Amino acid sequence: MKVAISSGVLLGLASSALAAPAQSDAQVADSRAQEVKSVFQESWAGYYRYAKGHDELHPQRKNWEDDRDGWALTAVDALSTAIVMRDNATVANILDIISKVDFSTTKKQNDRISVFETTIRYLGGMVASYDMLSGPYSDLLNGKDAKLLLNQAKTLADGLSVAFNTPSGIPDPTVYFNPSKRKSGTDRNNAAEIGTLILEWTRLSDLTGDDKYAKLAQRAENYLLRPTGAPEAWPGLVGTWVGINDGRFQDSNGDWASYMDSFYEYLIKMYLFDPNSFSEHKDRWVKAADSTMAHLASHPSTRSDLTFLKSYEGQRTKAESEHLASFAGGNFILGGILLNEDKYINFGLQLAESYYQTYKTPSGIGPDGFQWVDSQQGGSPPGNQAAFYNKSGFWASSPSWALNPETVESLYYAYRVTGDRKYQDMVYEGFQNMRRVCKSGSGYSDINNVMEKNGGGFNDRMESFWLAETLKYMYLIFVEDSPVHLHGKGQKTDFVFNTEAHPIRVRH
């Protein structure tokens, strides 16, 4: 939907964060927040009973899987949400679980460790939770020592540091801790996995007083900020793969989704973290944002009111996107607030509302991947998708859904900047459908097909980011006061969400 908001109205809303709602609206919002909290507690209870100390829960089979190195991933990922919700009992339980984890090794030999996933989930989760528990949520410690989290994060980062022992300093995407600490030896990494370390590793340096962590991440980041090799498709829009030996881009292909997304996300978030030290990141984000608006924004041939983001191969674009890319609306809104630029906020609102329209499926949930016919490029949908496309403006190319947060994440930012209750209603509608369709056994599960009313069956996996991100953003959109909230012009924002929705304290 095309959105035009005058500067005075928009920044007035942003500067006061949100206008106080009528009492009845406040009661509705509080009731919805408590509903979300109850689903979080229900999800946690299933994990705690059947998978405590392990990575993820199989809610139907009521057992567990250690697919992220056996370090109690769901517990670590859920901690910052439990803190935001002021769930004392769960915070205490998780701190006890984390205290028993040995982050210096893995239980299994030759267990692959993703540097990216481990950073955003484990390292980011512990650094953020330390920031929160040593700050505005210190009353939740109940005699425990938050230093436990910082010490565990340091142990983990020390082990992961072996990834950076490469000719260029670009990290190997995979390392091993058992039987010895070593990297995989591969010859390339992607923009997201290189460019989504800078926030967590820099904050760890701030907290420990040891700048080695920040230096490792920044050295790798510089190859993305000052790209060489294959040319940018357009200013700011880089390729996907980078050579580990020479730091040069190997292609000019990309999008705002897999292998790219959080690199663009962190460019503007680092500017929020410290605008003085990371102004170059802001400049790169502006180039990427302007090029995206000019070359990747796309309107479906049957729904000119919708705006999606195309992928690119050089300067050839394709009308395809992913649920992952729906975070972009919120990222543009954030950039617009920080830079006092209405054009980014308006575009972000267009994206947030448009990607929410992909939830208009039989299940009421959006697909992992979808396509459309670009109104300028022409073409036609598959014959068996034509009727749905004519009405909806997209068709599902990957109909599964994995409890992902990105659409509700952008709606959270839309609500924070406008105060418009319609965004709360959108999130609540999505929440109700998720609760109805994804409830499975002892928790909530990935589903196979959003194009079927019942979700097409379960994949029997409760992703940790269901607790870390999806439920956190849905809770926060209904809560008027929280230390971690984004604020607008004239008010201080104290935390920035990493790409796993862990709130990390900004520098002031």
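Parameters and conventions
Residues numbered from 1 in each chain as written. Predicted model: local features only at pLDDT ≥ 70, side-chain atom pairs only at ≥ 80, totals over all residues. Heavy atoms only, no water. 1 Å grid on protein atoms, 1.4 Å probe; cavity = no way out; pocket = protein on both sides within 12 Å on 5 of 7 lines; lining within 4 Å. Points joined across faces, edges and corners; volume = space filled by probe spheres on them. Helix = DSSP H or I, 4+ residues; strand = E, 2+ residues; numbered from the N terminus. Nonpolar A, V, L, I, M, F, W, Y, C, P; charged D, E, K, R; others polar. Phe/Tyr/Trp six-rings, centres within 6.5 Å; stacked < 30°, edge-to-face > 60°. Buried < 20%, exposed > 50% of the residue type's maximum accessible area, 1.4 Å probe, protein only. Polar contact = N/O pair within 3.5 Å; in protein donor to acceptor, adjacent residues only side chain to side chain.

1. Digging into empty space enclosed by the protein
Then comes step 1: Inspection of every chain in the model, using the stated rule, returns two cavities of 30 Å³ or more.
Then comes step 2: Taken as a whole, the largest cavity spans an internal volume of roughly 40 Å³.
Then comes step 3: Among the elements that take part in the lining of the largest cavity, strand β18 (residues 495-497) stands out by supplying three residues, more than any other.
Then comes step 4: Looking at the lining of the largest cavity residue by residue, the class counts come to eight nonpolar, two polar and no charged.

2. Looking at the packing of aromatic side chains
Then comes step 1: Enumeration over the complete set of coordinates arrives at 35 aromatic pairs.
Then comes step 2: Judged by centre distance (4.8 Å) and plane angle (25 degrees), the rings of Trp256 and Tyr264 are stacked.
Then comes step 3: Residue classification places Trp256 among the buried residues on the basis of a relative accessible area of 1%.
Then comes step 4: Overall, Tyr264 belongs to the buried group, its relative accessible area being 0%.
Then comes step 5: Arranged with centres 5.7 Å apart and planes meeting at 35 degrees, the rings of Phe370 and Trp372 form a pair that is tilted. Neither Phe370 nor Trp372 differs from the other in exposure class; each is buried.
Then comes step 6: Here a set of aromatic residues connected by ring pairs shows up, and it is made of Trp256, Phe263, Tyr264, Trp285, Phe327, Phe332, Tyr344 and Phe347.

3. A closer look at the environment of Ser134
Then comes step 1: Inspection of the secondary structure puts Ser134 in the loop between α5 (115-133) and α6 (147-160).
Then comes step 2: The class for Ser134 is partly exposed, based on a relative accessible area of 44%.
Then comes step 3: In sequence terms Ser134 and Ala146 are 12 residues apart; their C-alpha atoms lie 6.4 Å from each other.
Then comes step 4: Among the polar contacts listed, one links the side chain of Ser134 to the backbone oxygen of Asp131, at a separation of 3.5 Å.

4. Regarding the layout of surface pockets
Then comes step 1: Here the largest pocket is characterised by a volume of approximately 590 Å³.
Then comes step 2: Around the largest pocket, the lining is made up of 26 residues, and of these Phe116, Glu117, Asp261, Leu324 and Glu406 lie nearest the centre.
Then comes step 3: Residue assignment for the lining of the largest pocket shows that the elements contributing at least two residues are α5, α7 (191-195), α10 (261-273), α15 (406-418) and α17 (464-476).
Then comes step 4: In terms of residue count, α5 provides more of the lining of the largest pocket than any other element does, four residues in total.
Then comes step 5: Of the residues that constitute the lining of the largest pocket, the class distribution is eight nonpolar, six polar and 12 charged.
Then comes step 6: If you go around the second largest pocket, you meet 17 residues; those closest to its centre are Leu272, Ile337, Leu338, Gln491 and Thr493.
Then comes step 7: Among the secondary structure elements, those contributing two or more residues to the lining of the second largest pocket are α10 and α12 (328-339).

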